[in-house]
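# Examination of the molecular architecture
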Amino acid sequence: MKKLGIVIQYECVTSFKYIWLFYAIEYAIVLLISVVIAICTGSMEHVGSNCLEINTMIYAAVLGVLGFHEDFKMLLQNGFTRKYIYLATLSMFAFISGIMALVDTVMGNVLHYFLNGYFSMYGALYGYYHFFANWIWLLLLYLVVCSLLYLVGLAVNRYGKRILLYLGAVLLGLVLFVTAMFRYILPGETVRSVAKFLAGAMGFMSDGTKQLGLPLMTLFLIAAVLELGAYAVIRRTELK
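Here we summarise the structure given alongside this text.

The rules behind the values
Note on numbering: residues in each chain are counted from 1, in written sequence order. Confidence filtering applies because this is a predicted model: local features only for residues at pLDDT of at least 70, side-chain atom pairs given and counted only at 80 or more, and all residues used for totals across whole chains, interfaces and linings. The side-chain figures draw on all heavy atoms in the structure; neither hydrogens nor water molecules are used. In DSSP terms, a helix is any run of H or I states spanning at least four residues, a strand is any run of E spanning at least two, and both are numbered starting from the N terminus. Contacts were defined at the residue level, with two residues in contact if any of their heavy atoms lie within 4.5 Å. Each accessible area is a Shrake-Rupley result for a 1.4 Å probe, and residues are judged covered by the shown protein chains and nothing else. Between 30 and 60 degrees the pair is tilted, below 30 it is stacked and above 60 it is edge-to-face, where a pair is any two Phe, Tyr or Trp rings, Trp via its six-membered ring, whose centres lie within 6.5 Å. Burial status follows relative accessibility: with a 1.4 Å probe on protein chains alone, a residue under 20% of its type maximum counts as buried, one over 50% as exposed, and anything between as partly exposed. A fitted line through C-alpha atoms represents every axis, and for helices the fit uses only the stretch in contact; the resulting angles, taken between N-to-C directions, go from 0 to 180 degrees. Angle categories are assigned with fixed cut-offs, so that under 35 degrees is roughly parallel, over 145 is roughly antiparallel, 65 to 115 is roughly perpendicular, and the rest are oblique. Left-handed describes a crossing whose near helix is turned anticlockwise from the far helix through less than a right angle; right-handed describes the clockwise counterpart. Think of it as three bins: nonpolar holds Ala, Val, Leu, Ile, Met, Phe, Trp, Tyr, Cys and Pro, charged holds Asp, Glu, Lys and Arg, and polar takes everything else, Gly as well. Here, patches come from residues exposed beyond 30% relative accessible area and free of salt bridges, joined within 9 Å for like charges and within 5 Å for nonpolar side chains (Val, Leu, Ile, Met, Phe, Trp, Tyr). One speaks of a salt bridge when a side-chain nitrogen belonging to Lys or Arg is within 4 Å of a carboxyl oxygen belonging to Asp or Glu. For the purposes of this section, nonpolar cores are sets of buried Ala, Val, Leu, Ile, Met, Phe, Trp, Tyr and Cys residues that join through side-chain atoms within 4.5 Å. For a helix, the expected span equals 1.5 Å multiplied by the number of residues minus one.

Now for the overall build of the chain. A count of helices and strands for the chain gives nine helices and zero strands. Helices and strands in the chain line up, N terminus first, as α-α-α-α-α-α-α-α-α. A sequence separation of at least 24 residues applies to 78% of the contacts in the chain between residues at least 6 apart. When the accessible surface of the chain is totalled, it reaches about 14,300 Å², and 73% of it is carbon and sulfur.

Within the structure shown, the criterion is met by 12 aromatic pairs. For the ring pair Phe22 and Tyr23, a centre distance of 5.0 Å and an interplane angle of 65 degrees mean the geometry is edge-to-face. Classification of Phe22 as buried rests on a relative accessible area of 14%. Judged by relative accessible area, Tyr23 falls into the buried class, the value being 6%. Pairwise contacts between aromatic rings join Phe22, Tyr23, Tyr27 and Tyr59 into one cluster.

Our next topic: the environment of Leu212. Within the secondary structure layout, Leu212 lies in the loop between helix H8 (188-201) and helix H9 (213-234). For Leu212, a relative accessible area of 19% puts it in the buried group. Along the sequence, Leu212 and Tyr126 sit 86 residues apart, while their C-alpha atoms lie 7.8 Å from each other. Once you skip the residues sitting within four places of it in the chain, Leu212 turns out to touch Tyr122, Tyr126, His130 and Ala133.

The next point concerns the packing of helix H4 (residues 82-114) against helix H6 (residues 131-159). Packed helix pairs are specified by the crossing angle of their axes together with the interaxial distance, meaning the distance between the axes. Look at H4 against H6: their axes get within 8 Å of each other, and the N-to-C directions meet at 140 degrees. In terms of orientation, H4 and H6 fall into the oblique class. As H4 runs across H6, the sense of the crossing is right-handed. A class-by-class count of the residues in the contact of H4 with H6 yields 15 nonpolar, six polar and one charged.

Our focus in this paragraph is a nonpolar patch on the surface. Judged by side-chain polarity, Leu102, Val106, Val110, Tyr113, Phe114, Leu115 and Phe131 come together as a nonpolar surface patch covering roughly 710 Å² of accessible area. In terms of residue count, H4 provides more of the nonpolar patch than any other element does, five residues in total. Mapped onto the fold, Leu115 is located in the loop between H4 and helix H5 (121-126). Judged by its relative accessible area of 48%, Leu115 falls in the partly exposed class.

As a further point, take the nonpolar core. If you look at the biggest cluster of nonpolar residues, it comprises 47 residues, and the most contacted ones within it are Ile85, Phe93, Ile96, Met100, Trp137, Tyr150 and Ile234. When contributions to this core are tallied by element, the ones reaching two or more residues are helix H1 (2-41), helix H2 (53-69), helix H3 (72-77), H4, H5, H6 and H9. Among the elements that line this core, the one with the most residues is H6, at 14 residues.

A few words now on the environment of Leu172. Position of Leu172 relative to the elements: it lies in helix H7 (residues 162-185). C-alpha separation for the pair Leu172 and Leu102, spaced 70 residues apart in sequence, amounts to 35 Å.

As a further point, take unusual backbone geometry. At Cys51, a position not held by glycine, the phi torsion is positive, near 55 degrees. Tracing the chain through its elements places Cys51 in the loop between H1 and H2. Exposure remark for Cys51: the relative accessible area of 23% places this residue in the partly exposed category.

Right, let's talk about the side chain of Thr56 for a bit. Here Thr56 shows up in helix H2. The exposure class assigned to Thr56 is buried, which follows from its relative accessible area of 0%. The contacts of Thr56, once residues within four sequence positions are left out, are Phe22, Tyr23, Met100, Asp104 and Tyr142.

What follows covers H8. The terminal C-alpha atoms of H8, which comprises 14 residues, lie 20 Å apart, in line with the 20 Å expected from a rise of 1.5 Å per residue. Just past H8, the residue Gly203 takes up positive phi, approximately 95 degrees.

Look at H6: 42 Å from first C-alpha to last across 29 residues, which is about the 42 Å you get at 1.5 Å a residue. Of the residues one or two after H6, Gly160 is the one with positive phi, at around 95 degrees.

Written out as structure tokens, the structure reads:
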């Protein structure tokens, strides 16, 4: 357990310092663009931005890929087991996602309060009166993105780059098949029932109310499935 604690600390500490660099760059770019627009238009009317959390999702995607490529070989060569490496990486994802979700939750509410036209992702969907649910929702969303790209990185290393082409082809075929099924084959009542179920899974109930716990459970289950897949792949991953 001591070795596990060491590798978890290493993963979290080495990733933590880049968070503030990311936010410094992000808000510097937003400020620069706002100043340029204000100067060009001569007013602040057209200055603004929405859903800055999308930038964090891109960062989380990069973190998911680097979570495998940067550290796996080094840690394995230094005597850490695949199980410890996996648990350390998962801990890092949760740690970083939690911190960035907290920052984005605070900034989303502050910007919405002071800039009337700003909308955060969670606020636009569920409102601005549930700070804790907002934080957990973003944490799980970032964790899903990290886990998905981590699984992709592991799969590419394990099975080769062709797996991306195969997965892309299968995914495209599946999307086209499902679209055709809903459009031309399934009866309208079935389509409405599926749409109702999916909306309910994201917390939008048929009576117009919102159940904030349901999207949290949905995102948690998606993250759990992705992480179980990642663990199944990393157990058979070799150095290359």
